[in-house]
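Single-letter residue listing:
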Amino acid sequence: MSTQTARAFHGTLVHTPQPTHLEVLTNTLIIISPTGVIQSLQPSTPEDTIPSILASHNYTLSTCPLTALSPSEFLLPGFIDTHSHAPQWSQRGTGRGIDLLTWLNKITFPQEARCADTAHATRLFKNCVAGGLKQGITTACYYSSLHIEATTILAQTCLEQGQRALIGRCAMDRHAPDWYVDANPDSAIVATEISIAQIQALDPSGSLVRPAITPRFGISCSDATLQGLGDLAARHRELPIQTHFNESRGEMEFTKELFPQFDTESQLYEVYGLLGPRTILAHAIYPSEFDIGRMQARRCGIAHCPTPNTTMDEFMVAPVREYLRRGMKVGLGTDCGGGFSASMLEVMRWAFMASVARKGRAGGEGINGTREIEEEISVVEGLWMATAGGARVAGLGDKVGYFAEGMEFDAMVVRMARWEDINQGEVDGVMSLVEEGDDMETVVERFVMTGDDRNIRRVFVKGREVKTLD
Ligand code: GUN
Ligand code: FE
């Protein structure tokens, strides 16, 4: 990686350190060190005092170039995609309207199996990582395929392009085709260990890329494989763990058949040592009271993925309001390619829409056969889940997700369009125009609900510029 210099921005910063509060910092000076750490964050800083503030940090305008954000621009923390499958990048948008287990066998396993070819994996992952960065995804929690080589290529690609990532080789030794399955529990565990070692060799301090222990889900993993991965998690206390959890009725019924000794999936993962504060549970749609209690007690993170959940063969909505009410860690995931979109803006919209549906306005009947009336997810809560909440889910809550001195600088410059901007010529994108009297909450709402990657002009990860539109 090329060596970075320090940099500074002056203008408006917007972030959500708390789930329900949008903090707007105007006329703010933010100084980022050459290692990508926020060295200084000073709201309400008059422009003429900037040189002396830089000098107090031993910088000048030439050693620490300053970007003055225009009145149409603001800084936002980078998005954290807490659940994504890089090998499924090629299948997004296909295979809607079928149930999970059929979709896995018909569409997903054949796509993932293509990653045995390292040339395919290289091309696919380059496009996937670049596609995420372009849309402001500064951190992704990836499942790779079951291939060791492809998984290492994914880690290498993230390092080269500068995306922060958790990366897990999928462990899966049953209920998969014979051309895409771990031969037995031993080989699943050994391959996982090799994959962890190879990723750690690429980034020994885990400053950007870290391996994750990744049992695909109960159906794909024998008892011995789950036990082996649990043992690995006990030996590698620094590693995150990710799996699919309570995703569909069919999946839950089959899991129950396979593990009759357990009443619920939380019990299953807990017994094998896979349920804890490092665990990221994708979906968590149909938890029992017992499950929610265990997830909360074990301080698990939840990756809410509303796009796949509402476009398979059922309209399923996780009880996100309840998770938030309990103060649990909740993030958003694209679930590429079960999710059709790799845009976190789209996921935020979908989280909002799904929550309105769950609220059960039509006759007071909830979507999952319940009768509870839950308040919908606000745009601010959506943004929190996409940034600070997601960072906590990924185990990075003390590093990224919001702006503070000592945190690392993962951020994007958002450019909206104002009426005066269109008077000066064509503006890029289709985001709804900002009106004179709009407060920042309204501007952010316009961006989340109508913006796209054309409004994301520049993206930074750990201070490194990873996208530049102009
Ligand atoms: N459950 C097991 N594997 C998968 C997968 O690839 N995507 C989703 N959405 N659910 C899964
Ligand atoms: Fe998934």
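Residues numbered from 1 in each chain as written. Chains lettered and ligands numbered in written order. Predicted model: local features only at pLDDT ≥ 70, side-chain atom pairs only at ≥ 80, totals over all residues. Heavy atoms only, no water.

The name given to the chain in an unreviewed UniProt entry is Probable guanine deaminase, with Aspergillus taichungensis as the source organism. Regarding the chain, the UniProt comment filed under Pathway (unreviewed entry) reads as follows: "Purine metabolism; guanine degradation; xanthine from guanine: step 1/1." Its UniProt record gives the chain the following Cofactor (unreviewed entry) comment, quoted word for word: "Zn(2+)". (UniProt positions renumbered as here; feature names shortened; annotations may be inferred.)

Turning to the overall build of the chain, a few remarks are in order. Along its length, the chain carries 15 helices and 18 strands. The dimensions of the chain, computed from C-alpha atoms along their principal axes, are 70 × 55 × 40 Å. Counting across all 470 residues of the chain, residues that qualify as buried make up 59%. Long-range pairs, those at least 24 residues apart, make up 72% of the contacts in the chain with a sequence separation of at least 6. Summed over all atoms, the accessible surface of the chain reaches about 17,500 Å², with 51% contributed by carbon and sulfur. (Helix = DSSP H or I, 4+ residues; strand = E, 2+ residues; numbered from the N terminus. Buried < 20%, exposed > 50% of the residue type's maximum accessible area, 1.4 Å probe, protein only. Contact = heavy atoms within 4.5 Å. Areas by Shrake-Rupley, 256 points an atom, 1.4 Å probe, with all protein chains shown as cover.)

To continue, consider empty space enclosed by the protein. Counting across every chain of the model gives six cavities of 30 Å³ or more. Computed from the structure, the largest cavity encloses a volume of approximately 90 Å³. Along its surface, the largest cavity is lined by 13 residues, and Leu 100, Trp 103, Leu 104, His 244 and Glu 247 are the ones closest to its centre. At three residues, the largest contribution of residues to the lining of the largest cavity is made by helix α2 (residues 100-113). (1 Å grid on protein atoms, 1.4 Å probe; cavity = no way out; pocket = protein on both sides within 12 Å on 5 of 7 lines; lining within 4 Å. Points joined across faces, edges and corners; volume = space filled by probe spheres on them.)

Once that is clear, we can look at the coordination of the iron ion (ligand 2). Reference geometry at the metal: tetrahedral coordination by four donors gives ideal angles of 109.5 degrees; octahedral coordination by six donors gives 90 or 180 degrees. Protein-derived ligands of the iron ion (ligand 2) are His 83 (NE2), His 85 (NE2), His 244 (NE2) and Asp 335 (OD), with the metal-ligand distances lying across 2.1 to 2.3 Å. In this structure, the iron ion (ligand 2) is surrounded by four donor atoms whose angles at the metal cover 88 to 175°, and the resulting shape is irregular. In the primary sequence, the donor residues of the iron ion (ligand 2) line up as H-x1-H-x158-H-x90-D. Under the relative-accessibility criterion, His 83 is labelled buried at 1%. Looking at His 85, the relative accessible area reads 2%, which means it is buried. (Donors = N, O, S within 2.8 Å, 3.2 Å for Na, K, Ca; no water. Tetrahedral: all angles 85-135°; square planar, octahedral: opposite > 155°, others 65-115°.)

All residues in the neighbourhood of ligand 1 are listed as His 85, Gln 88, Leu 100, Trp 103, Leu 104, Arg 216, Phe 217, His 244, Glu 247, His 283 and Asp 335. In the model, a nitrogen atom of ligand 1 is placed 2.6 Å from a nitrogen or oxygen of the Glu 247 side chain. The protein chains hide 100% of the 280 Å² of surface that ligand 1 would expose on its own. Because more than half of its atoms lie within 2 Å of the grid, ligand 1 is assigned to the largest cavity. In terms of residues, the shell around ligand 1 owes the most to one element, α2, which gives three residues. (Near = heavy atom within 4 Å. Polar contact = N/O pair within 3.5 Å; in protein donor to acceptor, adjacent residues only side chain to side chain. Sits in = over half its atoms within 2 Å of the grid points.)

For the coordinates displayed, the defined rule picks out 23 salt bridges. The closest approach of N and O atoms between Glu 465 and Arg 7, which form a salt bridge, is 3.8 Å. Separated by 458 residues along the polypeptide, Glu 465 in strand β18 (residues 464-468) and Arg 7 in strand β1 (residues 7-18) bring together distant segments of the chain. Classification of Arg 7 by relative accessible area gives buried; the value is 19%. Salt-bridge contacts for Arg 457 lead to Asp 428; the nearest nitrogen and oxygen are separated by 3.3 Å. Here Arg 457, found in strand β17 (residues 456-461), pairs with Asp 428, found in the loop between α14 (419-423) and α15 (440-450); they are 29 residues apart in sequence, far enough to count as distant. Its relative accessible area of 8% is what places Arg 457 among the buried residues. (Salt bridge = Lys/Arg side-chain N within 4 Å of Asp/Glu carboxyl O.)

The sharpest bend along α2 measures roughly 35° and falls at Ile 107, with the proline Pro 110 sitting one to four residues further on. Residues Leu 100, Trp 103, Leu 104, Ile 107, Thr 108, Phe 109, Gln 111, Glu 112 and Ala 113 constitute the buried set of α2. (Bend = angle between axes of the 7 residues up to and from the residue.)

Turning our attention to the confidence of the model for the chain. Note: predicted coordinates in regions of low pLDDT should not be interpreted at a detailed level. Counting all residues, the mean pLDDT for the chain is 95, and 97% of those residues have values of 70 or more. Per-residue pLDDT, averaged within each element of the chain, yields its smallest value for α14 (87) and its largest for strand β7 (residues 137-143) (99). Note that pLDDT drops below 50 for residues 362-367; the model gives that stretch 13 contacts with residues more than four away or on any other chain. (pLDDT = per-residue confidence, 0-100.)

This paragraph deals with the side chain of Asn 246. Relative to the helices and strands, Asn 246 resides in the loop between β12 (241-245) and α7 (249-258). Among the polar contacts listed, one links the side chain of Asn 246 to the backbone oxygen of Tyr 286, at a separation of 3.2 Å.

Orientation of helix α5 (residues 185-202) relative to helix α6 (residues 223-235), taken along the N-to-C sense of each, is 30°, at an axis distance of 8 Å. Accordingly, the angle class assigned to the pair α5 and α6 is roughly parallel. Between α5 and α6 lies a crossing whose hand is right-handed. On α6, the residues that touch Pro 185, Ala 188, Ile 189, Thr 192, Glu 193 and Ile 196 of α5 are Ala 224, Thr 225, Gly 228, Leu 229, Leu 232 and Arg 235. Its residues assigned to classes, the contact of α5 with α6 comprises seven nonpolar, three polar and two charged. (Axes fitted to C-alpha atoms, helices over the stretch in contact; angles between N-to-C directions. Parallel < 35°, antiparallel > 145°, perpendicular 65-115°, else oblique. Left-handed = near helix turned anticlockwise from the far one by under 90°. Nonpolar A, V, L, I, M, F, W, Y, C, P; charged D, E, K, R; others polar.)

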